[in-house]
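# Summary of structural features
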Amino acid sequence: MGKQGKEAKRSSSNRRASRRGFGVATWVVLAGALAGIVALAAMHQGPSSPGRATALDPERVARGRAIFEANCAACHGTNGVGEDPANAEGGYPAPPLDTSGHAWHHTDRDLAAFISNGSPNTPRMRAWKTTLTQEQIGDVVQYIKSLWGPRERSCQGPRHMDPACR
Ligand code: HEC
């Protein structure tokens, strides 16, 4: 290969190298931007973000409150504050259902199922599915959620284990 040929080869391989270099840089920038977007999205939906909790339907909450006051408040207290353990028969006080309890550690579905089927531990918390429709039980769950703060509502269910929710 002559001098000219070598030069041509070198400059073309330089061009290739610089093209490759540009390619890598572009990917680094793109990956960085993507990571940024993912991080922002995660932050936005993060457990500490109250915005993620779905809004409650005020009509369902109002219906749920009436059902709760008629059927549940005798044990669970006005506004779901819970029963004085000293008054509870059989060692199973009716727990608070507001922010001071841990009802919010359960999903809507689990709460509805528990209310439907009752407690396996004590007949005091009986199965309500014979008295209330699933729609009414759903209304009561909405009412119970209205007793929670934004943290409990956005950290509800298994998300309560997230470090940001503790
Ligand atoms: C006669 C008293 C009594 C009445 C009335 C009653 N409960 Fe309960 N409830 C209890 C007791 C006691 C427990 C605790 C059961 C256990 O520890 O397994 C309980 C547990 C619960 C829990 C589980 C809470 C948690 O943090 O795990 C929910 C939810 C609940 N009740 C909702 C209701 C709703 C809704 C009604 C009305 C439709 C109702 N209860 C009526 C006594 C009652």
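Every chain's residues receive numbers from 1 upward, in the order its sequence appears when written. It should be noted that, the model being predicted, local features are given only for residues of pLDDT at least 70 and side-chain atom pairs only at 80 or more, the latter also being counted only at that level, while totals for whole chains, interfaces and linings use all residues.

### Here's the deal with the site of the ligand
Residue proximity rests on one test: whether the C-beta atom, placed from the backbone, lies within 6 Å of the molecule or strand. Neighbouring the ligand are 22 residues, the closest being Cys-72, Cys-75, Ser-119, Asn-121 and Met-125. Helix and strand assignments follow DSSP, with helices taken as H or I runs no shorter than four residues and strands as E runs no shorter than two, numbered in order from the N terminus. Taken together, the elements giving at least two residues each to the shell around the ligand come down to helix 3 (73-76) and helix 4 (108-117). For the shell around the ligand, the per-class residue count stands at 14 nonpolar, seven polar and one charged. Ten residues, namely Ala, Val, Leu, Ile, Met, Phe, Trp, Tyr, Cys and Pro, are considered nonpolar, four, namely Asp, Glu, Lys and Arg, are considered charged, and the remaining ones, Gly among them, are considered polar.

### Description of the nonpolar core
Side chains of a nonpolar character, in soluble globular proteins, are inclined to be buried together. Buried Ala, Val, Leu, Ile, Met, Phe, Trp, Tyr and Cys residues whose C-beta atoms connect them within 7 Å together make up a nonpolar core. Three classes are used. A residue is buried when 20 or more other C-beta atoms lie within 10 Å of its own, exposed when 12 or fewer do, and partly exposed in between, with C-beta atoms placed from the backbone. Ranked by size, the top nonpolar core spans 15 residues in total, and within it Ala-103, Leu-111, Ile-115, Ile-137, Val-140, Val-141 and Ile-144 carry the most contacts. For this core, the secondary-structure elements that each account for two or more residues are helix 4 and helix 5 (134-146). If you tally residues by element for this core, the top one is helix 5, at five residues. Placing C-beta atoms from the backbone, we regard two residues as in contact once those atoms come within 7 Å. With near-sequence residues (within four places) excluded, Ile-115 lies in contact with Trp-128, Ile-137 and Val-140.

### So, the packing of helix 2 (residues 58-71) against helix 5
Packed helices, taken two at a time, are described by the angle their axes make and the gap between the axes. Here an axis means a line fitted to C-alpha atoms, over the contact stretch when the element is a helix, while the angle between two N-to-C directions is reported on a 0 to 180 degree scale. At a minimum axis separation of 7 Å, helix 2 and helix 5 run at an interaxial angle of 100 degrees. It follows from the interaxial angle that helix 2 and helix 5 lie roughly perpendicular. On the side of helix 2, the interface is formed by Arg-60, Val-61, Arg-63, Gly-64, Arg-65, Ile-67 and Phe-68, while helix 5 contributes Gln-136, Asp-139, Val-140, Gln-142, Tyr-143 and Ser-146. Classifying every residue of the contact of helix 2 with helix 5 by side-chain character gives five nonpolar, four polar and four charged. Angular relationships are summarised with four words: roughly parallel below 35 degrees, roughly antiparallel beyond 145, roughly perpendicular across 65 to 115, and oblique for the angles in between.

### Some points on helix 5
Taking 1.5 Å of rise per residue, the 13 residues of helix 5 would be expected to cover 18 Å, and the 18 Å separating its terminal C-alpha atoms lies within 8% of that figure. Every buried residue of helix 5 is listed here: Ile-137, Gly-138, Asp-139, Val-140, Val-141, Gln-142, Tyr-143, Ile-144 and Lys-145. Buried positions along helix 5 lie against helix 2, helix 4 and helix 6 (150-154). A helix is expected to span 1.5 Å for every residue after the first.

### Quick word on unusual backbone geometry
Trans is the prevailing form of peptide bonds, just as negative phi is the prevailing case for residues other than glycine. At Asn-79, a position not held by glycine, the phi torsion is positive, near 60 degrees. Within the fold, Asn-79 resides in the loop between helix 3 and helix 4. Given 16 C-beta atoms within a 10 Å radius, Asn-79 is considered partly exposed.

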